[in-house]
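Residues per chain are reported as follows:
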2 protein chains.
Amino acid sequence: MVNIPEQDAKSTEGRILEAAKTVFISKGFDGTSMQDIADEADINKSLLHYYFRSKEKLFSAVFNYAFQQFIPHIQGILSAEESIFVKIEQIVGVYMDMLRKNQFIPAFILHEINMNPDRLYSLMQVSGLRPQVFVGQFVQEISKGIIRPIDPRQLIVNLLSLCIFPVAARPLLQRILFENNDIVYEKFLDERKKVVADFIIHSIKA
Amino acid sequence: MVNIPEQDAKSTEGRILEAAKTVFISKGFDGTSMQDIADEADINKSLLHYYFRSKEKLFSAVFNYAFQQFIPHIQGILSAEESIFVKIEQIVGVYMDMLRKNQFIPAFILHEINMNPDRLYSLMQVSGLRPQVFVGQFVQEISKGIIRPIDPRQLIVNLLSLCIFPVAARPLLQRILFENNDIVYEKFLDERKKVVADFIIHSIKA
DNA sequence: GTCTATAAATTGATAGAC
DNA sequence: GTCTATCAATTTATAGAC
């Protein structure tokens, strides 16, 4: 009910969820009508209410699925036995690759989190992301003198900002800085993986 | 018609624009009905169509106004005769102060730019923001060996990311990292002005 | 499970009285 | 300029036949 079942992605319920995800993400909650989703799924509108009672309920189911894609194996990287520099490089690489494959998710989540923070936050809780491990290691390496003393939360926000914003604001940035050239912006994002990692590491080295 | 006239902010047209700005920014274009705006302005719905022909036209007028607030005296800073380090510090300070006063604008713009990139981009053109001057100075200081050779567009995107994202994603970040404590997050944003400037400068120094 | 038909409310927009 | 009344279309959601 909550996750799109892989085995029967062609079942009615699976088709609805896939279609709803596509439409919700591209048009937002308010911009999406149940008819839009029914059309996308090539299915009768009434079936949406048969499987999910309301638009809100359908959205919750879809968001849960989309958000789990959005927070990938980050937790694994955070808890790994690696130097903080390697971790940062890995996180940036994995995160930016994933973001490029799901271009519209960042802006979607940023919008919905502002429209209805509590709804989204409670849906997120399930994901179980815990930054504390990373923060712990970070504090340790500061005390060892390996890195500069910086608030670890500032570092986390820096990292997220540098990875997510360029994708969320892509339609704007691509037009202003890259003459709306898709290929050039893709190359820019590709180079950016190294740039961001270097940028962060360079700034925290003691 | 485009700007909210300061002198007669209590005129019908001014009241409509102020109300529309409030509602559009908090609920988005699709989430806002003309009735919502009329209620907010405490005015008859028909008057919205009398002053602005359609919802689209009203949105354009409002967005133009909101966006001009969003891009403040940045252009002045960019063209000033200052070292690149001073400029970065000034831009970060001015930008983050302004963002905190207009908390909902970043997420609003990010959403609308993804919903309808061309509409928003054409509305933006009027602002006449030109990053080329800054890029020129940047390239010069690289050749002088004052700063590391970095793609100036990467630097601009870094700067925008670090300033805008923490505000746009605030409802999420504040809950995850700061136990949803408003005062603590405000302090975090305040400290962040220095952190971001240091962070950038530290990363570009040769 | 899937469909048609339809309810009940809301949407953007217009006509016309004052 | 401002209002009431109203249109036509669309919205979410339900009832009921098959």
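Scroll up to find the structure.
Let me begin by describing the structure that accompanies this report. (Residues numbered from 1 in each chain as written. Chains lettered and ligands numbered in written order. Predicted model: local features only at pLDDT ≥ 70, side-chain atom pairs only at ≥ 80, totals over all residues. Heavy atoms only, no water.)

## Examining the overall build of chain A
Counting secondary structure elements, chain A contains 12 helices and zero strands. When its helices and strands are written in sequence order, chain A yields α-α-α-α-α-α-α-α-α-α-α-α. In chain A, buried positions account for 50% of the 206 residues. Put simply, of all contacts in chain A between residues at least 6 apart along the chain, 66% involve residues at least 24 apart. With an accessible surface of roughly 9,400 Å², chain A has 53% of that area assigned to carbon and sulfur atoms. (Helix = DSSP H or I, 4+ residues; strand = E, 2+ residues; numbered from the N terminus. Buried < 20%, exposed > 50% of the residue type's maximum accessible area, 1.4 Å probe, protein only. Contact = heavy atoms within 4.5 Å. Areas by Shrake-Rupley, 256 points an atom, 1.4 Å probe, with all protein chains shown as cover.)

## Quick notes on the interface of chain A and chain B
Contacts between the two partners involve 50 residues from chain A and, on the opposite side, 49 residues from chain B. In this assembly, chain A packs against chain B so that about 4,900 Å² is buried in total across both faces, 71% of it on carbon and sulfur atoms. The interface formed by chain A and chain B holds two salt bridges in total. Applying the counting rule to chain A against chain B returns 12 residue pairs in polar contact (both at pLDDT 80 or more). Elements with a contribution of two residues or more to the side of chain A that touches chain B: α1 (12–31), α7 (105–115), α8 (117–125), α10 (152–168), α11 (170–178) and α12 (182–204) of chain A. A total of 12 residues in the side of chain A that touches chain B trace back to one element, the largest contributor, which is α10 of chain A. In the side of chain A that touches chain B, the residues fall into 30 nonpolar, 10 polar and 10 charged. (Buried area = accessible area lost by both parts, 1.4 Å probe. Salt bridge = Lys/Arg side-chain N within 4 Å of Asp/Glu carboxyl O. Polar contact = N/O pair within 3.5 Å; in protein donor to acceptor, adjacent residues only side chain to side chain. Nonpolar A, V, L, I, M, F, W, Y, C, P; charged D, E, K, R; others polar.)

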